[in-house]
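# Chain and residue survey
Given next are the chains, with one letter for each unit.
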Amino acid sequence: MRNKFFKISKGIENTFETAVQKSEDFIEISKLNMKISSLEDTIEEIYIDIGKKIFKRFKSNKEVDKMYVDKCKEIIEIEKEIESIRKKVLKIKNRRLCKVCEEELDKDADFCPNCGSKQ
């Protein structure tokens, strides 16, 4: 009898631990997705800033050239950070991207469900 109660309590404990881990993963994914969204908003603000400056120069009949390199480099750095965060999200979700179409798929998938490519 004692053994049955032990097995039942162990099963409940394992279920509880799994639920807690899934909740923690969900919270972490949500935070990372919010960070991605914030960084994407920053990129959009930079795009707008670049566009306004270029248009102002254009309207003034001034040359538009390499003066915006720093802003473009800033966007590239933010895009790298977004990619790093996306990789963390995939790792937490135990998923990866298809080598061909970049569709999200199970980490252990042999073929992509989207394009059918062998992984």
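Further up the page is the structure itself.
The paragraphs below set out a description of the structure included in this document.

Definitions and cut-offs
Position labels on residues start from 1 in each chain and follow its written sequence. A pLDDT threshold of at least 70 governs which residues receive local features in this predicted model, and a stricter bar of 80 or more applies before side-chain atom pairs are shown or counted, although totals over entire chains, interfaces and linings include all residues. With hydrogens and water set aside, each side-chain value is computed from the structure's full complement of heavy atoms. Runs of E in the DSSP output that reach at least two residues are strands. Runs of H or I that reach at least four are helices, and both are numbered from the N terminus. Here the term buried applies to any residue with accessible area under 20% of the maximum for its type, exposed to any over 50%, and partly exposed to those in between, with areas from a 1.4 Å probe on protein chains only. The convention used is that axes are lines fitted to C-alpha atoms, helices contributing only their stretch in contact, and that angles between N-to-C directions extend from 0 to 180 degrees. For classification purposes, angles smaller than 35 degrees are called roughly parallel, those larger than 145 roughly antiparallel, those between 65 and 115 roughly perpendicular, and all remaining angles oblique. Note on convention: the crossing is left-handed when the near helix lies turned anticlockwise from the far helix by less than a right angle, right-handed when the turn is clockwise. Here the nonpolar group is Ala, Val, Leu, Ile, Met, Phe, Trp, Tyr, Cys and Pro; Asp, Glu, Lys and Arg are the charged ones; every other residue, Gly included, is treated as polar. Take the residue count of a helix, subtract one, and multiply by 1.5 Å to get its expected span. Here a polar contact is recorded for every N or O atom pair within 3.5 Å, except that within protein the pair must consist of a potential hydrogen donor and a potential acceptor, and residues adjacent in sequence are included only if both atoms are side-chain atoms. Whether two residues are in contact is decided by their heavy atoms: any pair within 4.5 Å suffices. Two distance rules govern patches: like charges are joined within 9 Å, and nonpolar side chains (Val, Leu, Ile, Met, Phe, Trp, Tyr) within 5 Å, applied only to residues with over 30% relative accessible area and no salt bridge. All accessible areas in this document rest on Shrake-Rupley with a 1.4 Å probe, and a residue is counted as covered only by the protein chains that are shown. Between Lys or Arg on one side and Asp or Glu on the other, a salt bridge is scored when a side-chain nitrogen of the former is within 4 Å of a carboxyl oxygen of the latter.

### Some remarks on unusual backbone geometry
At N94, a residue that is not glycine, the phi angle is positive and equals roughly 55°. Mapped onto the elements of the fold, N94 is located in the loop between α2 (69–92) and β1 (95–97). Given the relative accessible area of 44%, N94 is considered partly exposed. A positive phi is found at E102, a non-glycine position, where the angle reads about 65°. Looking at the element boundaries, E102 is found in the loop between β1 and β2 (104–106). With a relative accessible area of 58%, E102 lands in the exposed category.

### Re the packing of helix α1 (residues 2–59) against α2
Pairs of packed helices are described in terms of their axes, by the angle between the two and the distance that separates them. Contact pair α1 / α2: the axes reach a minimum separation of 10 Å and the direction vectors enclose 165°. Classified by the interaxial angle, the pair formed by α1 and α2 is roughly antiparallel. Read as a crossing pair, α1 and α2 show a hand that is left-handed. Its residues assigned to classes, the contact of α1 with α2 comprises 15 nonpolar, 2 polar and 12 charged.

### Here's the deal with α2
Given a rise of 1.5 Å per residue, 24 residues ought to cover 34 Å, and the 35 Å separating the end C-alpha atoms of α2 matches this to within 8%. Within α2, burial applies to I75, I78, I82, I85, V89 and L90. Positive backbone phi, approximately 55°, marks N94, located one or two places after α2.

### Here we look at the side chain of Q119
Position of Q119 relative to the elements: it lies in the segment after β2. Only 3.1 Å separates the side chain of Q119 from the backbone oxygen of S117, close enough to count as a polar contact. Apart from the residues within four sequence positions on either side, Q119 is in contact with R96, L97, C98, K99, L105, A109, D110, F111 and C112.

### A short note on a nonpolar patch on the surface
A surface patch of nonpolar side chains, about 340 Å² in accessible area, is lined by F5, I8 and I12. Positionally, F5 belongs in helix α1.

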